[in-house]
Amino acid sequence: MNQEVYRMNLPWIDSPFFKLELEQANLDEVTKEQVRHFAEKGYLILDTNLPESTFDSIIDLLQPHYTSPRLQDAWNITPLVKDIAGCPKIMDMLRILYGREPFPFQTLNFRVGSQQKTHSDAIHFHSIPERFMCGVWVALEDIDETNGPLHYYPGSHKLPYYDMADVGFQGSKDADQYHQYLEYEKFIHKLIDVTGYKKEVFKVKKGQALIWAATLLHGGEPILREGASRHSQVTHYYFNDCIYYSPVWSDVAIDKMYMRRPTNILTGQIVENRYLGDNLVGRTGLSPFTDYKNSIEGLVRKLKRKLNR
């Protein structure tokens, strides 16, 4: 007789009952091993099986639109970007890994390596319940160690989640000061040193994808080959029936939460925040950031410029 599993309101890969749930899951052994790997390492590599012409066309169509190394939400420029975001193999795997319906809410296309410092996506995009967010990186060309590949630290997603308060800042109070994010980056660097996680570099073939958990530490390697391109697409995903917010500008302990109303790229519809089945649209006092949000739109633009440098 199978032992009864307690279903928790969080991704099953993060549940203390995960091993028991996986044993009883109606999945083939290959898929179970993929789920086990993601739960243990925080990432998973898979082939998208999309036609090469999709990647080549995206590179050509977006080339005139770049004013910096990256281009946000290029699905507004060509539906081919949306095709990658909604890739059936990716969407199906996300449903399995998280046990909830995913939706893409942001795309970032890169023409060269970002060389971005190691970070966790969860400081920018988080949810209640926690960890219902992930990123997927797709190579639009072959990428090796010379053209600024992605790096990541396997297993680092199991570290405790740290927000700005843990680093000593009120996200809401100091939101107009970029130095707080720089201090967060320094904290992550020291965290890696003290925890001993080992870096891996994602050398990848055109059309392959890397799925990573929101809390997996990752970044961009230096560009070693002058003038080298590194065409790729990152898509960020949330999952249904959550509260969506940005911890970098939030102080949840004092009821200041920078809430998001993400758009499902595939449908064009806004996905409203929900809490344990309740729709939170129109709730008064839900987020004191309603007025505050308008005061930091300039900061958002400034931060984007910094990250695009």
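In the block above lies the structure referred to throughout.
Here goes a summary of the coordinates provided. (Residues numbered from 1 in each chain as written. Predicted model: local features only at pLDDT ≥ 70, side-chain atom pairs only at ≥ 80, totals over all residues. Heavy atoms only, no water.)

In this section: the overall build of the chain. What the chain contains, in helices and strands, is 9 helices and 15 strands. Across the 309 residues that make up the chain, the buried fraction comes to 52%. Relative to all contacts within the chain whose residues are 6 or more apart in sequence, the contacts with residues 24 or more apart total 80%. Only carbon and sulfur atoms are counted for the fraction: they give 49% of the accessible area of the chain, which is about 15,000 Å². (Helix = DSSP H or I, 4+ residues; strand = E, 2+ residues; numbered from the N terminus. Buried < 20%, exposed > 50% of the residue type's maximum accessible area, 1.4 Å probe, protein only. Contact = heavy atoms within 4.5 Å. Areas by Shrake-Rupley, 256 points an atom, 1.4 Å probe, with all protein chains shown as cover.)

On the surface, Y6, M8 and F17 cluster together to form a nonpolar patch covering roughly 300 Å² of accessible area. According to the relative accessible area criterion, F17 is partly exposed, its value standing at 31%. (Patch = residues over 30% accessible without salt bridge, like charges linked within 9 Å, V, L, I, M, F, W, Y side chains within 5 Å. Salt bridge = Lys/Arg side-chain N within 4 Å of Asp/Glu carboxyl O.)

An order of 1-8-5-10-3-2 is seen for the 6 strands of this open sheet, with the pairing classed as antiparallel. Because the sheet does not close on itself, it has two edges, and the strands there are strand 1 (43-47) and strand 2 (70-72). For this sheet, the mean angle separating the axes of adjacent strands, direction not counted, is 25°. The pairing of strand 5 (residues 133-139) with strand 10 (residues 232-239) spans 7 bridges and is classified as antiparallel. Across the sheet, residue V136 finds its bridge partner in strand 10, namely T235. In this fold helix 2 (residues 29-41) packs onto strand 1 and strand 8 (208-213), with an angle of close to 140° to the strand it touches most, strand 1. (Pairing = 2+ DSSP bridges. Axes fitted to C-alpha atoms, helices over the stretch in contact; angles between N-to-C directions.)

This next bit is on the pairing of strand 3 (residues 102-110). Of all 9 residues that make up strand 3, 9 are buried, and the element is covered over most of its length. Pairing geometry for strand 2 and strand 3, over 3 bridges, is antiparallel. Bridge pairing in strand 3 places Q72 opposite L108.

So, on to the side chain of D251. In this fold, D251 is placed in the loop between strand 11 (243-245) and strand 12 (263-264). With no salt bridge to any partner, buried D251 finds its closest opposite charge in K256, at an N-O distance of 6.5 Å. A polar side-chain atom of D251 sits 2.5 Å from a polar atom in the side chain of S172. (Lys, Arg positive; Asp, Glu negative; His and termini not counted. Polar contact = N/O pair within 3.5 Å; in protein donor to acceptor, adjacent residues only side chain to side chain.)

What follows deals with unusual backbone geometry. Here I128 and P129 are connected by a cis peptide whose omega angle stands at 0°. Not every positive phi belongs to a glycine, and D73 is a case in point at roughly 55°. Summarising the element assignment, D73 is placed in the loop between strand 2 and helix 4 (79-85).

On to helix 7 (residues 179-195), then. Across its 17 residues, helix 7 extends 24 Å between first and last C-alpha, which sits within 8% of the 24 Å expected from 1.5 Å per residue. Those residues of helix 7 lying buried are Q180, Y181, Y184, E185, I188, L191 and I192. Each buried residue of helix 7 lies within a common arc of 150° when the element is viewed along its axis, so the set occupies one face. Relative to its buried face, helix 7 has exposed residues pointing more than 90 degrees away, namely H189, K190, D193 and V194. Residues of helix 7 that are buried make contact with helix 6 (164-167). Following helix 7 by one or two positions, G196 adopts a phi angle in the positive range, close to 80°. (Expected span 1.5 Å × (residues − 1). Arc of directions from axis to C-beta.)

Right, let's get into the pattern of salt bridges. Enumeration over the complete set of coordinates arrives at 12 salt bridges. When the shortest N-O distance is used, the salt bridge between K186 and E183 registers 3.3 Å. Here the residue K186 and the residue E183 both occupy positions in helix 7, the gap between them amounting to 3 residues, near one helical turn. In this structure E183 comes out as partly exposed when scored by relative accessible area, which is 31%.

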